[in-house]
Structure formats: structure tokens, C-alpha cells
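Secondary and tertiary structure notes
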Amino acid sequence: MASRPKGYGMTAELQKKKDAKFDPALEREALAFVESKTGRKVSGNVADGLKDGVTLCHLANALKPGSVKKINESKMAFKMMENIGNFLSAVETLGVAKNDLFQTVDLYEAQNIPQVINGILAIKRKVTGGESAKNVRHFTDEQLKAGQNVIGLQMGTNKGASQKGMTAPGATRQIRHEDNMDRS
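Counting restarts for each chain, with residues numbered from 1 along the sequence as it is written. In keeping with the predicted nature of the model, local features appear solely for residues at pLDDT of at least 70, side-chain atom pairs appear and are counted solely at 80 or more, and the whole-chain, interface and lining totals rest on all residues. Working from all heavy atoms in the structure, the side-chain values ignore hydrogens and water.

This part takes up the packing of aromatic side chains. Pairing of aromatic rings covers Phe, Tyr and the six-membered ring of Trp, with a centre-to-centre limit of 6.5 Å; geometry is then stacked below 30 degrees between planes, edge-to-face above 60, and tilted otherwise. Applying the stated criterion across every chain yields a total of 1 aromatic pair. Residue placement shows Lys51 over the ring face of Tyr108; its charged tip is 4.7 Å from the ring centre. By definition, being over a ring means that NZ of Lys or CZ of Arg is both within 6 Å of the ring centre and within 35 degrees of the ring normal.

Laid out in C-alpha cells, this is it:
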């Protein structure tokens, strides 16, 4: 593994931001979900208990039997990372969005544990049907008519500018100053 400095600079600032997002209650919820689906006790926290990817592969197989063909029990780094990668591929086939998941190094090197937790909870929402409800809004005819006269901020403004004086593409625009004008 590449060694990364951890105590200073931008690396430290980014790690502080990630650490600030960590929520022990969400970690417990994620681990409880994994344990309930796999029947396997996760020892310790997310980083320690799921690092080898074995339990995650069992989770994938519990959600969709046969989705991870081979689970590596080896403690070799590349085999554990392969397990995590196989798990991530398997849950993508369940319809979990890739951007809701995490990267292998987020878990294996404990670089972004809050994202790992969010990924597991996204899987939980997908399989339990707990996805967000549509935010349907109902407007009166009066509200809709009032909205037709509003110019959205995305539209911007031209502040009175026009294309008057513009010429063919590629041609330069002539600017005349009083000092340069011929005086006859």
C-alpha cells in the first residue's frame, strides 16, 4: 500500500471533514442490517468487522443468491480487496446506484468510513423498499399564473445589451475613440 501523510495539510483537512460526517447511530444501523441479513456477527466497528469483505460477500449472496461466486477467506490484502470489489459489483446488479456506494479503498484502508456506512444503508433502502417517496407538489391555477411572470435566476439578464453592430463570425469589431477619429 502507498503510505500517505496523515498529520498535516490538505490530507488532514479532508480527513477531518470525513470524520465529522461519522455518526455512531448510523454505523449501528448499518451493522444491524448486515447481521440480520447474513446471520453473521460483525465484531467491532465497520472498518474492522467488514475489512476482509467476507461478510459483505455473504450479504450480497443473502440478498441475491449466487451473486458472489467465490468468497476468498485468505487474509492477503489483494484477496480481501477482491471480496469488497465482488460485493460492490453484486449490489450494483440489485439496482443500487454506483454513486450511493463506496470504493474498495474507502473500506479496506478505512479512508472514508461514513461513505461505507452510507453505501450499506443505501442497499438497505433498496432491498426494504425504503427509498424516498416522490415529492409531488400541487399548485393552484392562481399560483401557476403568478409563476409565468417570474424570470428565473438561471435566465440571467442582458442588462440592456444587444447584438446591434455585431458582424459576421470571425470578423473583428471596430471600436472608435474620439481621439482616433478623423477630424475634417
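The end-to-end C-alpha distance of helix 7 (residues 113-128) is 22 Å, a good match for the 22 Å that 16 residues give at a rise of 1.5 Å each. Along helix 7, the positions that sit buried rather than exposed are Ile113, Pro114, Val116, Ile117, Gly119, Ile120, Leu121, Ala122 and Ile123. Secondary structure elements are taken from DSSP: a helix is a run of H or I of four residues or more, a strand is a run of E of two residues or more, and numbering for both begins at the N terminus. Phi turns positive, to about 75°, at Gly129, one or two residues after helix 7. Any helix carries an expected span of 1.5 Å times its number of residues minus one. Per-residue accessibility, obtained with a 1.4 Å probe over protein chains only, is compared with the maximum for each type, and a residue is labelled buried under 20%, exposed over 50%, and partly exposed between these values.

It is worth spelling out the side chain of Asn72 at this point. Relative to the helices and strands, Asn72 is located in the loop between helix 4 (54-63) and helix 5 (77-93). Pairing of N or O atoms within 3.5 Å defines a polar contact, subject to two protein rules: one partner must be a possible hydrogen donor and the other a possible acceptor, and residues neighboring in sequence count only if both atoms are side-chain atoms. A polar atom in the side chain of Asn72 sits 2.9 Å from the side chain of Lys70. Not counting residues up to four positions away in its chain, the partners in contact with Asn72 are Val54, Lys79, Glu82 and Asn83. Contacts are assigned to residue pairs with any non-hydrogen atoms lying within 4.5 Å of each other.

Counting residues in each nonpolar core, the largest one holds 31 residues, and the members touching the most others are Val46, Leu50, Phe87, Phe102 and Leu107. Elements with a minimum of two residues in this core: helix 2 (24-38), helix 3 (46-50), helix 4, helix 5, helix 6 (104-108) and helix 7. If we ignore the near neighbours within four places in the chain, the residues touching Val46 are Glu27, Leu31, Lys51, Leu107, Ile113, Val116 and Ile117. For this analysis, a nonpolar core means a set of buried residues of the types Ala, Val, Leu, Ile, Met, Phe, Trp, Tyr and Cys, connected via side-chain atoms within 4.5 Å.

Within the secondary structure layout, Gly119 lies in helix 7. On the basis of relative accessible area, Gly119 is assigned to the buried category, the value being 0%. For Gly119 and Val96, which are 23 residues apart along the polypeptide, the C-alpha to C-alpha distance reads 8.9 Å. Once residues lying within four places of it in the same chain are set aside, the contact partners of Gly119 are Asp100, Leu101 and Phe102.

Residue Ala110 is not a glycine yet carries a positive backbone phi of 55°. Checked against the element boundaries, Ala110 lands in the loop between helix 6 and helix 7. Its relative accessible area of 37% is what places Ala110 among the partly exposed residues.

So, about helix 4. For helix 4, the tally of buried residues reaches 7 of 10 residues, placing the bulk of the element in the interior. Buried within helix 4 are the following residues: Val54, Thr55, Leu56, Cys57, Leu59, Ala60 and Asn61. At its buried positions, helix 4 is contacted by helix 2, helix 3, helix 5 and helix 6.

In this description, a line fitted to the C-alpha atoms serves as the axis of each element, helices being fitted only across the stretch in contact, and the angle between N-to-C directions of two axes falls anywhere from 0 to 180 degrees. Where helix 4 contacts helix 5, the axes come no closer than 8 Å and their chain directions differ by 25°. With respect to helix 5, the axis of helix 4 lies roughly parallel. As for how helix 4 packs across helix 5, the hand of that crossing is left-handed. Along the contact surface, helix 4 presents Val54, Leu56, Cys57, Leu59 and Ala60, while helix 5 presents Asn83, Phe87 and Ala90. The classification used treats Ala, Val, Leu, Ile, Met, Phe, Trp, Tyr, Cys and Pro as nonpolar, Asp, Glu, Lys and Arg as charged, and all other residues, Gly among them, as polar. Of the residues belonging to the contact of helix 4 with helix 5, the class tally is 7 nonpolar, 1 polar and no charged. Each angle receives one of four descriptions, namely roughly parallel if under 35 degrees, roughly antiparallel if over 145, roughly perpendicular if within 65 to 115, and oblique otherwise. Crossing handedness is defined as follows: a turn of the near helix away from the far one that is anticlockwise and smaller than a right angle gives a left-handed crossing, while the clockwise case is right-handed.

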